[in-house]
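Working through the structure, step by step
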Amino acid sequence: MTSLPFPSFAEALRVWFRIGCLSFGGPAGQIALLHREVVEERRWISDARFLHALNFCTLLPGPEAQQLATYLGWLMHGVRGGVAAGLLFILPGALVMLALSAIYVGFGEVPLIAALFFGLKCAVLVIVVEALLRVARRALQGAVAWALAVAAFAALFLFGLPFPVVVLGAALIGLAMPAAFAGGGHGRPQDGPPALLDALLAAEPDRIMRLGGAARRAGLIALALWVWPVALLMNAGGLYGDLAWFFSKMAIVTFGGAYAVLAYVAQEAVEHYRWLSADQMLAGLGLAETTPGPLILVLQFVGYLAAGVPGALLVVWATFAPCFAWIFLGAPYVERLHDVARLKGALAAVTAAVVGVIANLALWFGLRVLFGVILEVPVGPMRLEVPVPASLDSLALLLALLAAVALFRMKLGVVKTLGLTALAGLVLKPAADWLLSGFGG
């Protein structure tokens, strides 16, 4: 088992950078990409450990996909692996967002860039659906697990309950009914040889304990590096103090991902602080939805419009520094629970709920890619998001079908599918816009 080719740190760096460059589509697309890269294609991590880590990250404030990458990087190569995976997940998107923010301020929106990212979004929609089906097939074992996944989806999509409430409720159900989930375990075993990390842990049973001490020290350092400059800036006051305080506060309360707090951020940034206008906030959200990396990078756009490059860098620091602290401080304890038999039922129940969470995110993303107008219709205590059929974007549907053919039929893989659909968007989107403007005139 020790002779298995466990990936080197340099090899892992290349994969984390690739993931950072391709992490489009919000948390659903990013989780799907992570699963494909490290579970399906490379077998670095088993389904069980991947889902175990995802369960923990879903409960944390901040972007769950970025924290999941940090957790997986730590499992593979310790603290340096976690730092590398987490930073490389952020860095490409942050650089792109910084460049687009500068372009937006200097020149306004650039149609060609928008067309390129439009094609990417359509391809990501197909990748998300494919990954959702794959994860559900492996993670949901038995009628009770399926019922819990459906209930979690309904709680989020129909009733708008917060993500952590849904996941914690699932854990309580699993604790109360462990026998109902005992057969499902924590993910269906993969065919073929065991995942490389599982083989390494079998050969080195004390590995997690050895990694844990360094992780806890790194977590305390990350906490200090976050709190100390924020406290200094707040003490100094002024614009930078306001930015440091406001976005540090956001980092603590962003449970359930970016969408859970975007309305509050928009209201405060536009109406209270007046860092930007409502139209500019919408433009920033549009840019963030089409770039790689966590959607919470829209906050970087707010920082740029408020204080230029220093403001953007400060917001990124205040937003993501605590993410490393949460993972390094919590992951060693969470990982110890992986093989505790009495918690298997709770973990399997949380896994089922997380499938519902991903399904909700995927549907949210898909509706907004394919339709221009979505109405919120109250039905008793529920609120349904209903797309207006007339607002269907025919080009988005066409590009999504192209991506589906490339991925499922032609087996081109993720990178080639993204490239093909982005190129098609670059060619067809300007032509479609020109035709629509011509007819409108």
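For every chain, the first residue of its written sequence is number 1, and the numbers climb from 1 along that sequence. Local features are withheld for residues below a pLDDT of 70 in this predicted model, meaning they are given only at 70 or higher, and side-chain atom pairs are given and counted only at 80 or more; totals for whole chains, interfaces and linings count all residues. Based on all heavy atoms of the structure, the side-chain values leave hydrogens and waters out of the count.

It is worth spelling out the pattern of salt bridges at this point. Just to be clear on terms, a salt bridge is a Lys or Arg side-chain nitrogen sitting within 4 Å of an Asp or Glu carboxyl oxygen. Summed over the entire model, instances satisfying the criterion amount to eleven salt bridges. One salt bridge connects D206 with R210, and the closest N-O pair in it is separated by 3.4 Å. Judged by relative accessible area, which is 46%, R210 ranks as partly exposed. Here E385 makes a salt bridge to R368, at a shortest N to O gap of 2.7 Å. Here E385 is found in strand 2 (residues 382-387), whereas its partner R368 is found in helix 15 (residues 344-370), with 17 residues between them in sequence. Relative accessibility under 20% of the residue-type maximum defines a buried residue, over 50% an exposed one, and the middle range a partly exposed one, all with a 1.4 Å probe and only protein chains included. For R368, a relative accessible area of 28% translates into the label partly exposed. When salt bridges with common partners are traced through the structure, they connect R18, R36, E37, E41 and R42 into a single cluster. Working definition: helices are DSSP H or I runs of at least four residues, strands are E runs of at least two. Numbering for both runs from the N terminus.

A word on the pairing of strand 1 (residues 374-379). Bridge count between strand 1 and strand 2: six bridges; the pairing is antiparallel. Residue pairing across strands places E376 opposite E385, the latter belonging to strand 2. We treat two strands as partners when DSSP finds at least two bridges between them.

Before going further, it helps to examine the packing of aromatic side chains. Aromatic rings in a pair are described by how distant their centres are and how their planes are angled relative to each other. For this analysis, a ring pair means two rings from Phe, Tyr or Trp (six-membered ring only for Trp) whose centres lie within 6.5 Å, classed as stacked if their planes differ by under 30 degrees, edge-to-face if by over 60, and tilted for the remaining angles. Summed over all chains, the structure comprises twelve aromatic pairs. Ring plane angle 80° and centroid distance 6.0 Å describe the contact between W226 and W326, whose orientation is recorded as edge-to-face. Of this pair, W226 sits in helix 10 (residues 207-236) while W326 is found in helix 14 (residues 298-336), placing the two residues 100 residues apart along the sequence. Given the relative accessible area of 7%, W226 is considered buried. Centroid distance Y273 to W275: 4.2 Å. Interplanar angle 10°. Geometry classified as stacked. Members of the aromatic cluster, connected to one another through ring pairs, are F246, F247, Y273 and W275. Taking NZ or CZ as reference, R42 lies 5.9 Å from the ring centre of W44, over its face. Whether a charge lies above a ring is judged from NZ of Lys or CZ of Arg, which has to be within 6 Å of the ring centre and within 35 degrees of the ring normal. Over the ring of F9 we find R80; its NZ or CZ atom is 4.2 Å from the centre of that ring.

This paragraph deals with a nonpolar patch on the surface. Grouping into patches uses exposed residues only, defined as over 30% relative accessible area, and leaves out salt-bridged ones; the cut-off is 9 Å for like charges and 5 Å for nonpolar side chains (Val, Leu, Ile, Met, Phe, Trp, Tyr). Here the accessible surface of atoms and residues is derived via Shrake-Rupley with a 1.4 Å probe, and residues count as covered only by protein chains that are part of the display. There is a patch of nonpolar side chains on the surface, built from L112, L116, L398, L423, L426, V427 and L428 and spanning about 590 Å² of accessible area. Here the element with the most residues in the nonpolar patch is helix 17 (residues 414-440); it accounts for four residues. Along the chain, the position of L112 falls in helix 5 (residues 111-139).

Right, let's get into the confidence of the model for the chain. Low pLDDT means the predicted coordinates in that region are not meant to be read closely. Taken as a whole, the chain shows an average pLDDT of 83; of its residues, 87% reach a score of 70 or greater. On a scale of 0 to 100, pLDDT captures the predictor's confidence in every residue. Across the chain, the secondary-structure element scoring lowest on mean pLDDT is helix 13 (residues 278-289), at 69, and the one scoring highest is helix 1 (residues 9-22), at 94. Here, two residues are considered to be in contact whenever any of their heavy atoms come within 4.5 Å of each other. Every residue in residues 184-189 scores below 50 in pLDDT, and together they form 17 contacts with partners more than four places removed in sequence or on other chains.

Here we take up the nonpolar core. In plain words, nonpolar cores are sets of buried Ala, Val, Leu, Ile, Met, Phe, Trp, Tyr and Cys residues tied together by side-chain atoms within 4.5 Å. Formed by 136 residues in total, the largest nonpolar core has its most connected members in F50, Y71 and F247. With 22 residues, the single largest contributor to this core is helix 14. In this structure, Y71 is in contact with H52, A53, F56, C57, I327, A331, V334 and E335, ignoring residues within four places of it in sequence.

Even without being glycine, R43 reaches a positive phi, approximately 55°. Relative to the assigned elements, R43 resides in the loop between helix 2 (26-41) and helix 3 (47-58). Judged by relative accessible area, which is 25%, R43 ranks as partly exposed. Of note, K411 is a non-glycine position whose phi angle comes to about 55°, a positive value. Here K411 shows up in the loop between helix 16 (394-409) and helix 17.

In this analysis, the expected span of each helix is defined as 1.5 Å times one less than the number of residues it contains. The end-to-end C-alpha separation of helix 1 is 20 Å, in line with the 20 Å expected for 14 residues at 1.5 Å each. Residues A12, V15, W16, I19, G20 and L22 constitute the buried set of helix 1.

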